[in-house]
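These are the residues of each chain, in order.
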Amino acid sequence: MSKQNKQGNAPVQKNEIIDVTFEDLTHEGAGVAKVDGYALFVPNALPGEQAKVKVVKTKKGYGFGKLLEHTKESEYRVEPPCPIYKQCGGCQLQHLSYEGQLDYKQNQVKNVLQRIGGLENVTVHPTLGMEDPWRYRNKAQVPVGMEEGGLVAGFYQQRSHQIINMERCVIQDEANDEAVSRVKEIADQYGIKAYDEKIHKGTLRHIVARHALNTDQLMVVLVTKGTELPNKKNIIDEIRQALPNVKSIVQNINPKRTNVIFGEQTKVLWGEEYIYDTIGEIKFAISARSFYQVNPKQTKVLYDKALEYANLTGRETVIDAYCGIGTISLFLAQKAKHVYGVEIVPEAISDAKRNAKLNHMDNVDFAVGEAEEVIPWWHTAQGITPDVIVVDPPRKGCDEKLLETIIKMKPERVVYVSCNPATLARDLKILEEGGFETKEVQPVDMFPQTAHVECVSQIIWKGN
Ligand code: SAH
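An account of the accompanying structure is given in this report. Bear in mind the structure is a predicted one, so any value in this text is a computation, not a measurement.

1. Details of the environment of Cys82
Looking at where Cys82 falls in the secondary structure, it is placed in the loop between β5 (62–72) and α2 (85–88). Cys82 sits in the buried class, given a relative accessible area of 11%. A C-alpha to C-alpha distance of 42 Å links Cys82 and Lys335, two positions 253 residues apart in sequence. The contact partners of Cys82, leaving out residues within four places of it in the chain, are Gln94 and Val170.

2. Topic: the sheet that holds strand β1 (residues 17–25)
Sheet architecture is closed into a barrel: five strands sit in the order β1-β2-β3-β5-β4, paired in mixed fashion. Averaged over all neighbouring strand pairs, the angle between strand axes comes to 50°, with direction disregarded. Bridge analysis of β1 against strand β4 (residues 50–58) gives five bridges, and the strand direction is antiparallel. Looking at β4, one finds that Thr21 is bridged to Gln50.

3. Some points on the side chain of His206
Along the chain, His206 falls in strand β10 (residues 204–211). A relative accessible area of 8% places His206 in the buried class. Excluding its chain neighbours within four sequence positions, the residues that come into contact with His206 are Gln141, Val142, Pro143, Val144, Val221, Leu222, Val223 and Ile261.

4. Re empty space enclosed by the protein
The tally for this structure, following the rule as stated, stands at one cavity of 30 Å³ or more. Roughly 40 Å³ of volume is contained in the largest cavity. Lining the largest cavity are Asn138, Arg210, His211, Ala212, Ile275, Ile286 and Tyr292. Class assignment for the residues of the lining of the largest cavity results in four nonpolar, two polar and one charged.

5. A few points about the packing of aromatic side chains
According to the stated counting rule, one finds seven aromatic pairs in the structure shown. Ring centres of Phe436 and Trp461 lie 5.0 Å apart, and the angle between their planes is 65°; on these two criteria the pair is classed as edge-to-face. With Phe436 in strand β21 (residues 436–444) and Trp461 in strand β22 (residues 454–461), this pair connects stretches of sequence that are 25 residues apart. Cluster of aromatic residues (ring-pair linked, three or more members): Phe41, Tyr62 and Phe64. A cation sits over an aromatic face here: Arg205 above Tyr195, 4.2 Å from the ring centre. Sitting above the plane of the Tyr276 ring, Lys283 keeps its charged end 5.0 Å from the centroid.

6. As for the state of the cysteines
Applying the stated criterion across every chain yields a total of zero disulfides. There is no disulfide at Cys82, and the cysteine sulfur nearest it, in Cys88, is 6.7 Å away. Not engaged in a disulfide, the cysteine Cys419 finds its nearest cysteine sulfur in Cys455; these two sulfurs lie 9.3 Å apart.

7. Remarks on the pattern of salt bridges
Close approach of charged atoms allows side chains of opposite charge to pair. Tallied over the entire structure, the rule returns 15 salt bridges. With its nearest N and O atoms 3.1 Å apart, the salt bridge here joins Asp177 to Arg135. In this pair, Asp177 sits in helix α4 (residues 174–189) while Arg135 sits in the loop between β6 (123–124) and β7 (139–147), placing the two residues 42 residues apart along the sequence. The salt bridge involving Asp237 is made with Lys233; its shortest N-O contact spans 3.0 Å. In this pair, Asp237 and Lys233 both sit in helix α5 (residues 232–242), four residues apart, roughly one turn of the helix. Overall, the relative accessible area of 31% leaves Asp237 in the partly exposed class. Residue class for Lys233 comes out exposed when judged on its relative accessible area of 58%.

Criteria and cut-off values
Residues numbered from 1 in each chain as written. Predicted model: local features only at pLDDT ≥ 70, side-chain atom pairs only at ≥ 80, totals over all residues. Heavy atoms only, no water. Helix = DSSP H or I, 4+ residues; strand = E, 2+ residues; numbered from the N terminus. Buried < 20%, exposed > 50% of the residue type's maximum accessible area, 1.4 Å probe, protein only. Contact = heavy atoms within 4.5 Å. Pairing = 2+ DSSP bridges. Axes fitted to C-alpha atoms, helices over the stretch in contact; angles between N-to-C directions. 1 Å grid on protein atoms, 1.4 Å probe; cavity = no way out; pocket = protein on both sides within 12 Å on 5 of 7 lines; lining within 4 Å. Points joined across faces, edges and corners; volume = space filled by probe spheres on them. Nonpolar A, V, L, I, M, F, W, Y, C, P; charged D, E, K, R; others polar. Phe/Tyr/Trp six-rings, centres within 6.5 Å; stacked < 30°, edge-to-face > 60°. Lys NZ or Arg CZ within 6 Å of the ring centre and 35° of its normal. Disulfide = S-S within 2.5 Å. Salt bridge = Lys/Arg side-chain N within 4 Å of Asp/Glu carboxyl O.

In short, shape yes, function no, at least from these values alone.
Shown next, in the form of structure tokens:
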């Protein structure tokens, strides 16, 4: 490698045309090729493919290219079934067969565990995928705009704020597609104006539809700029007629200039404040703003695996760190003596407590706070010594202080649910150095057609 490359300077120049081989995919689904160790990101390229590429931008350490022509195509390449796949950007892997996607995700976990975690011999199982990897999403959040013909609802064109109308989304539950289309038509018919972010005027910002897979209950949320909603009564009546399984129609008010979808205030316009869904035996109440896993079928697969790895007999004390609305906590509480859940968002903990009551479970306690602060306090001040710790952190992984506490507490097992293999690998390395051993890792495909990789790992205490 030349001295220049070591400093991250580009070995290629803008507008240069080169032949490359792709080795990997980015989180955005672009192909990654290496030129003398320098990474070049190229949309629409798959691992194993070769192509002529034009360099379009170079930066220190990495650059971007445009694919001109394939010289070798991947055997896994397929025609994306969605007609707006390229414009939308919501999916990144529709041009890769589902078999290819599952293989890619398993390899991605293996490679990252080796490269970042130095974990050479860990078993990484084949990815658990869906029988039907389409129409799995239980929530649609669709921005609303105006065209000459009236209201449009769909998605922001990539890198712009132009809203493109969309009638169907191939990864969305059909009930949500239908709900969004009908609500858009009804609002249009009653002269509702879309919110215009440029002038911060208008009424309807987003249409949100949530469909509970296992109970078939539907919630419709109209996100508006102000409290006013002209023709409210007629709109409610028409929505109820058009969507017979609707159980909850609510208005959320977001008066701010922001990309954040929801505002602080929510009003029930008709029906219930909550809809209900089940995962396995556990029932969950879902409000307009509640966090809830978007792929309920695969959530069951993921949590069953977490439960298997926790290996509970009914005698164990368990901590669920980063517990959200307590989904994993309640799942574990079915088989544990006691579960303690901790989560930083107060509303999520309110939901968790409500869900515990709903299921008549009294062997769970929830606390609001940072896992890395609350868990050491539980341990030293309250004498809570867990047999099993489950962590399910956000993409940035576990706080180092939490990992140190886990090493001090020496639970028999740690179950690590991760949405980012890179931080998983980093954290497993720390746990291994602290006396733990990673037994196995199971990737679960929570988001088919996208580049998201989720996995659950079992880590055991090796003893002093
Ligand atoms: N286990 C849950 C959700 C996990 S998502 C489920 O399966 O549904 C990660 C969660 O970690 C989010 O709810 C986020 O609010 C929370 N979080 C982020 N940083 C945290 C911290 N330092 N301490 C506790 N919770 C945190």
